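# Tertiary structure, described
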Amino acid sequence: MVDRKKFIKLAAWGASGLFINTGLSHPITPKGASQRRNKIRFGIISDLHYDLMHDGERRAQQFIDTMNDESPDFIIQLGDFCVPKPENDRLLEIWDQFRGESYHVLGNHDTDGGYNKEQTLSYWRMPARFYSFEKNGFHFVVLDGNEKSETKTINGYPRTIASEQQEWLKTDLRKTSLPCVIFCHQGLDNSNNGLDNGMEIRYLLEQINHEAGFKKVLLVFSGHHHLNYHNEINGIHYVQINSASYYWVGEEYRAEDLPDPIYNAHPILRHTLVYEDPIWAVVTIDSVENIIINGSESSLESNNLKNSGIDLHKDVYPISTKIDSRKLRY
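The rules behind the values
- Residues numbered from 1 in each chain as written.
- Predicted model: local features only at pLDDT ≥ 70, side-chain atom pairs only at ≥ 80, totals over all residues.
- Heavy atoms only, no water.
- Helix = DSSP H or I, 4+ residues; strand = E, 2+ residues; numbered from the N terminus.
- Buried < 20%, exposed > 50% of the residue type's maximum accessible area, 1.4 Å probe, protein only.
- Contact = heavy atoms within 4.5 Å.
- Areas by Shrake-Rupley, 256 points an atom, 1.4 Å probe, with all protein chains shown as cover.
- Salt bridge = Lys/Arg side-chain N within 4 Å of Asp/Glu carboxyl O.
- Polar contact = N/O pair within 3.5 Å; in protein donor to acceptor, adjacent residues only side chain to side chain.
- pLDDT = per-residue confidence, 0-100.
- Core = buried A, V, L, I, M, F, W, Y, C linked by side-chain atoms within 4.5 Å.
- Pairing = 2+ DSSP bridges.
- Axes fitted to C-alpha atoms, helices over the stretch in contact; angles between N-to-C directions.
- Phe/Tyr/Trp six-rings, centres within 6.5 Å; stacked < 30°, edge-to-face > 60°.

## Points about the overall build of the protein chain
- A count of helices and strands for the protein chain gives six helices and 17 strands.
- Counting over 330 residues, the protein chain shows a buried share of 58%.
- Considering only intrachain contacts with a sequence separation of at least 6, the fraction spanning at least 24 residues in the protein chain is 74%.
- With the model as given, the accessible surface of the protein chain reaches about 14100 Å², and the carbon-plus-sulfur share is 49%.

Now the structure itself:
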């Protein structure tokens, strides 16, 4: 029998006020606010791929049910959630069952099928492609990593943060004195189809910290790569949140784990390693320099990963069916 997902529960912390910024500036938080004994706790999930999965509804419901039990301050999904079509209304109904605040990040697959960003923003009720909000003494920034490069041609999906958004980001970060957490679908620290100008954006964040004279930007979360890793680069943590659903192997791979009718109805799954249960994480950050990530773990539907015949390091970081629990300092 396969092992079921393991999830570490945390006690819920009280919520406080919220401010969303979709423009170029917002009120400056009073100096010294970041030194209060603040704590934030949120649930994070990525790459559900509802449109591709045979059991996306079950996976979403499991996440929301657990989050309602855990009562984090908010939840956020890191992209590749669903396209804006009526057939996906059930997913949004499940998402809206969360008894608290929730946020979205645009992924590259969320406009598949000829849809555009504006349609997805409207369908998800996002305030903007990129925006920020504040809660419990922390500043959160959502980026759109799906812009076209202004300097070169990139094959495949657009994966750049262009100059206008960069200017917005600098202005937004400079106008807060709170510790900051960044969310972006594509990895800023992954050169394998990650953010094309990731180094440029990382340098921007480092310069913000240098200007501030303290570690203002603490942490960057990404999805997209369906992997499980963490890097610390020049004092900033970069954490990859594994897919809630599967790992894409490639057209050359033919999976046999699920019944044929499922593969017939969802042919892309023939080329993936499907996780038996959804995985996600709960993150706690406090104002005394602690970042605690409580991850979860699943297994493959019926195949042992080590015996699959797949090069586990084909994307450098090892393929896995988990999100590691981590204790980090900033």
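## A look at the pattern of salt bridges
- Scanning the model with the defined rule gives 21 salt bridges in all.
- Among the salt bridges present, the one from Asp144 reaches Lys117, with a minimum N-O distance of 2.7 Å. Taken together, the residues span a long stretch of sequence, with Asp144 in the loop between strand E7 (138-142) and helix H4 (163-174) and Lys117 in helix H3 (residues 117-124) at a distance of 27 residues. Per residue, the accessibility class of Asp144 equals that of Lys117, and both read buried.
- Between Asp144 and Arg129 there is a salt bridge whose closest N-O contact spans 2.5 Å. Taken as a pair, Asp144 in the loop between E7 and H4 and Arg129 in the loop between H3 and strand E6 (131-135) lie far apart in primary sequence, 15 residues in all.
- With a relative accessible area of 0%, Asp144 lands in the buried category.

## A closer look at the side chain of His185
- With respect to the helices and strands, His185 occurs in the loop between strand E8 (180-184) and helix H5 (198-212).
- A polar contact is formed between the side chain of His185 and the side chain of Asp80, at a distance of 3.3 Å.
- Not counting residues within four places of it along the chain, the set of residues in contact with His185 comprises Asp47, Leu78, Gly79, Asp80, Val105, Leu106, Gly107, Asn108, Ser222, Gly223 and His224.

## A word on the confidence of the model for the protein chain
- Mean pLDDT over the protein chain stands at 90; residues scoring 70 or higher make up 88%.
- In the predicted structure, residues 1-35 sits below a pLDDT of 50 and forms 103 contacts with residues beyond four places in sequence or in another chain.

## Overview of the nonpolar core
- Counting residues in each nonpolar core, the largest one holds 71 residues, and the members touching the most others are Phe42, Ile44, Phe183, Phe221 and Ile285.
- Core analysis: the next-biggest nonpolar cluster, separate from the first, contains 20 residues, Leu173, Ile182, Ile208 and Val220 among them.

## Describing the pairing of strand E11 (residues 236-240)
- Among the five residues in E11, five count as buried, and that is most of the element.
- Burial along E11 is two-sided: Ile236, Tyr238 and Gln240 facing one way and His237 and Val239 facing the other are all buried.
- Relative to E11, strand E9 (residues 217-222) runs parallel, the two sharing four bridges. Looking at the pairing, Val220 lines up with Tyr238 of E11.
- As paired elements, strand E10 (residues 229-233) and E11 share five bridges and run antiparallel to each other.

## Let's talk about the sheet that holds strand E3 (residues 39-45)
- Spatially, E5-E4-E3-E14-E15-E17 is the arrangement adopted by the six strands of the open sheet, whose pairing is mixed. Each of the sheet's edge strands pairs with one partner strand only, and the pair in question is strand E5 (101-104) and strand E17 (326-329). Along the sheet, successive strands turn relative to each other by an average axial angle of 20°, direction set aside.
- Where E3 meets strand E4 (residues 74-77), four bridges bridge the pair, whose relative direction is parallel. Among the inter-strand pairings, Phe42 is bridged to a residue of E4, identified as Phe74.
- In the packing of helix H1 (residues 56-70) onto the sheet, the strands contacted are E3, E4 and strand E14 (281-286), and the crossing angle to E3 comes to about 170°.

## Thoughts on the packing of aromatic side chains
- In this structure the tally under the stated criterion is 18 aromatic pairs.
- Consider the rings of Phe81 and Trp95, whose centres lie 5.2 Å apart with planes at 70°: the pair is edge-to-face. Placement of the pair is Phe81 in the loop between E4 and helix H2 (89-95) and Trp95 in helix H2, with a sequence separation of 14 residues. Here Phe81 matches Trp95 in class, with each residue buried.
- Both rings, one in Phe81 and one in Trp124, keep their centres 5.7 Å apart while their planes meet at 80°; by these two values the pair is edge-to-face. Note that Phe81 is positioned in the loop between E4 and H2 and Trp124 in helix H3, a separation of 43 residues in sequence.
- Judged by relative accessible area, which is 4%, Phe81 ranks as buried.
- For Trp124, a relative accessible area of 2% gives the class buried.
- Put simply, the rings of Phe42, Phe74, Tyr103, Tyr131, Phe133, Phe140, Phe183 and Phe221 pair up and form one aromatic cluster.

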